[in-house]
Amino acid sequence: MTAQPTPDMTPQDSAQPEPADIAGAGGADPAAELAALQAKHAEVADAYLRAKAEAENTRRRAEEEMAKARKFAVESFAESLLPVTDSLEAAIAIPNASAAQVLEGVHATLRQLLSALERHKVVPIAPPPGTKFDPHQHQAISVVPAEHEAGAVVAVLQKGYLIADRVLRPALVTVAAPK
């Protein structure tokens, strides 16, 4: 039994059940109410189990996608290195190549390699002499007397590399000593 709307009642008031309806009094059969509640419980329990199963399936699919992404993450990079491999194998296959031919092939292969690295956002760190030493990108191997200001890079012993703005390997440098 619900309250009949009166002029002084709001729409929410008329939608509220009367206490007699909640308690099961008011003439309704308790067995029928119990059956209705059990049916509603079964319906809610089924909806809960379906939602739980869907969440589990979504989680499992996401894990599978992540595993595939990890497994094939280097595929594009490896594909861009295949021409470099082909060039090196072709150089080895030439039995009587002159030093000039070998040097020309090495330079061409290096260009291919640098191009492949650049396509994948791998860029060299090679600071020019006089650049301020940056401990985030450079690793000081030694401190030497130099005409540069103290703490400046004097020479690069080995290039470093960044991959998408993250240091893959720091540049090995010598640094100017304080005067």
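Look up a bit, the structure's there.
Residues numbered from 1 in each chain as written. Predicted model: local features only at pLDDT ≥ 70, side-chain atom pairs only at ≥ 80, totals over all residues. Heavy atoms only, no water.

## Overview of helix 4 (residues 75–93)
Definition in use: In DSSP terms, a helix is any run of H or I states spanning at least four residues, a strand is any run of E spanning at least two, and both are numbered starting from the N terminus. Each helix should span, by expectation, one fewer than its residue count multiplied by 1.5 Å. Bend at a residue means the angle formed by two fitted axes: the first through the 7 residues ending at that position, the second through the 7 residues beginning there.
Taking 1.5 Å per residue, 19 residues should reach 27 Å; helix 4 reaches 27 Å between its end C-alpha atoms and fits that length. Taken as a whole, helix 4 carries its principal kink of about 30° at L81; the proline P83 stands between one and four residues after it.

## So, the side chain of T109
Where we set the bar: Each residue's exposure class comes from its accessible area (1.4 Å probe, protein chains only) as a fraction of the maximum for that residue type: buried when under 20%, exposed when over 50%, partly exposed otherwise. Residue contacts are counted whenever heavy atoms from the two residues lie within 4.5 Å of one another.
Looking at the secondary structure, you find T109 in helix 5 (residues 99–119). The class for T109 is buried, based on a relative accessible area of 9%. T109 has contacts with V84, S87 and L88, leaving out every residue within four places of it along the chain.

## As for the nonpolar core
Formally: Here, the term nonpolar core denotes a set of buried Ala, Val, Leu, Ile, Met, Phe, Trp, Tyr and Cys residues that are joined through side-chain atoms within 4.5 Å.
Counting residues in each nonpolar core, the largest one holds six residues, listed as I125, V153, L162, A171, V173 and V175. Setting aside its immediate chain neighbours within four residues, V173 contacts P127, F133, H138, Q139, A140, I141, S142, V153, A155, V156 and L157.

## Remarks on the sheet that holds strand 6 (residues 171–176)
The test is simple: Two strands make a pair as long as DSSP finds a minimum of two bridges between them. Only C-alpha atoms enter the line fits that serve as axes; for helices the fit covers just the stretch in contact. Angles between N-to-C directions range over 0 to 180 degrees.
Pairing is mixed in the open sheet, where three strands are placed in the order 2-6-3. The open sheet has two edge strands, strand 2 (138–144) and strand 3 (153–158), and neither has a second partner. Pairs of neighbouring strands in the sheet enclose a mean axial angle of 30°, with direction left out of account. Pairing of strand 3 with strand 6, which is carried by four bridges, proceeds in the antiparallel orientation. Within strand 6, the position partnered with Q158 by the bridge is L172.

## Some words on the sheet that holds strand 5 (residues 166–169)
As summarised here, the arrangement of the three strands in space is 1-4-5, forming an open sheet in which the pairing is antiparallel. Edge positions in the sheet fall to strand 1 (122–125) and strand 5, since each has one partner strand and no second. Adjacent strand axes in the sheet meet at a mean angle of 35°, parallel and antiparallel pairs treated alike. Where strand 1 meets strand 4 (residues 160–163), four bridges bridge the pair, whose relative direction is antiparallel. By the bridge assignment, V122 is partnered in strand 4 with I163.

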